[in-house]
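What the coordinates show
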Amino acid sequence: MTNETLQLTTDKLSEQLTFVDCALNNGVAELILNRPEKHNAFDEVMISEMIKVLAHFADNSQCQVLVLKANGKNFSAGADLNWMRKQAKMDFEQNLTDANELAKLMSVLDKFPKPTIALVQGAAFGGALGLICCCDIALANERASFCLSEVKLGLIPAVISPYVTRAMGQRAARRYMLTAERFDVQKALELQIIHEVSDELDSAAAPIIAALLANSPQGMAWVKSLLSKLEDGVIDKSTLDYTSERIASIRVSKEGQEGLNAFFEKRSPDWTVNQSSANNSSNNNNSHAANALGAK
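Attention here is on the structure that accompanies the text. (Residues numbered from 1 in each chain as written. Predicted model: local features only at pLDDT ≥ 70, side-chain atom pairs only at ≥ 80, totals over all residues. Heavy atoms only, no water.)

Time to look at the side chain of Lys114. By secondary structure assignment, the location of Lys114 is in the loop between helix 4 (92–110) and strand 4 (116–120). Look at Lys114: it is buried, it has no salt bridge, and the nearest opposite charge is Asp59 at 7.1 Å. In this structure the side chain of Lys114 is engaged in a polar contact, spanning 2.9 Å, whose partner is the backbone oxygen of Phe57. Here the side chain of Lys114 touches Ala58 through a polar contact of 3.3 Å, landing on its backbone oxygen. Discounting chain neighbours no more than four positions away, the residues touching Lys114 are Phe57, Ala58, Asn60, Ser61, Cys63, Gln64, Asp136 and Lys224. (Helix = DSSP H or I, 4+ residues; strand = E, 2+ residues; numbered from the N terminus. Buried < 20%, exposed > 50% of the residue type's maximum accessible area, 1.4 Å probe, protein only. Lys, Arg positive; Asp, Glu negative; His and termini not counted. Salt bridge = Lys/Arg side-chain N within 4 Å of Asp/Glu carboxyl O. Polar contact = N/O pair within 3.5 Å; in protein donor to acceptor, adjacent residues only side chain to side chain. Contact = heavy atoms within 4.5 Å.)

If you want it as structure tokens, here you go:
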């Protein structure tokens, strides 16, 4: 499939979406929460659309990095009120099906095979914290605020709890899930929910994206699966066997061989060359598009 075909496929998908948007440019995919009038609160439609976009980019070889961002003043207010009203009228089986879809979204984002970056502005409440903690890297602006507010409603942050607890730790999770306190961006930085604070999120993300685009796509995918495997913190014989097998396998893989040979030959590995070619092609297409718009 050509770059142009892949781009058209992404554009076509974007046209079918209601509450999210997506784009792919120069290897960087964007998944955009696009319900600003509702502060990007999510419901079953938005969840389904996010899963669909993630599946699309996971299988797209031109996607090397995924950026999760949101339009409007706030990243996400969490669950949509009308959706919550419907949940209150559902029986157990219906609620279980509903919860399973949210659990699927979190899992798909957490296990996405390429690096993910969350750009967070304003409020990020409830399930939005789950999305942020499922991403590999998170940046937020100075006015960002966070809250695990579920217990105020007689609920619990169940589906997002594995990811939030992994990020902030068990001790902090006990406090903030029990008190439902709202906390600011500096506390989120301290709790390792976010990595950097900047009021220019796109600019702050640019050098991180550039660094990721220069790396081996296979290497980064394998790092993510490696870290997932090591989450329990156990170091035993099976851990040693697994890590030894991983490094041996990647050393003899095509991309591993290319990276090592490029290093010793003092040249750029072919994935950076291919990326530069794709970027030039995309820039040429953008130039043609701009000319066409000017002609109108």
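So, about the sheet that holds strand 8 (residues 182–184). Spatially, three strands are ordered 5-7-8 in an open sheet, and the strand pairing comes out mixed. Each edge of the open sheet is held by one strand with a lone partner, namely strand 5 (123–125) and strand 8. On average, each strand axis in the sheet is tilted by 20° relative to the strand beside it, whichever way the strands run. Against the sheet, helix 5 (residues 127–134) makes contact with strand 5 and strand 7 (145–147), and its axis sits at roughly 95° relative to strand 5, the strand it touches most. (Pairing = 2+ DSSP bridges. Axes fitted to C-alpha atoms, helices over the stretch in contact; angles between N-to-C directions.)

Of the volumes computed, that of the largest pocket is approximately 830 Å³. Lining the largest pocket are 29 residues, and of these Ala79, Met84, Gln87, Glu150 and Leu155 lie nearest its centre. Contributions of two or more residues to the lining of the largest pocket are made by helix 3 (81–88) and helix 4. Looking at the lining of the largest pocket, the element that brings in the most residues is helix 3, giving six residues. Tallied by class, residues from the lining of the largest pocket come to 18 nonpolar, seven polar and four charged. Here the second largest pocket is characterised by a volume of approximately 640 Å³. Asp110, Cys135, Asp136, Arg166 and Leu227 are the residues nearest the centre of the second largest pocket, which is lined by 25 residues in total. Of all elements in the fold, only helix 5, helix 6 (161–168) and helix 10 (217–229) reach the threshold of two or more residues within the lining of the second largest pocket. (1 Å grid on protein atoms, 1.4 Å probe; cavity = no way out; pocket = protein on both sides within 12 Å on 5 of 7 lines; lining within 4 Å. Points joined across faces, edges and corners; volume = space filled by probe spheres on them. Nonpolar A, V, L, I, M, F, W, Y, C, P; charged D, E, K, R; others polar.)

So, about the sheet that holds strand 9 (residues 196–197). Within a sheet, neighbouring strands are paired by backbone hydrogen bonds and run either parallel or antiparallel to one another. If you walk across this open sheet you meet the six strands as 1-2-3-4-6-9, and the pairing is mixed. Lying at the two open borders of the sheet, with one neighbouring strand each, are strand 1 (20–25) and strand 9. Bridging between strand 6 (residues 137–140) and strand 9 involves two bridges; their strand directions are parallel. The partner of Ala140 across the bridge, within strand 9, is Val197.

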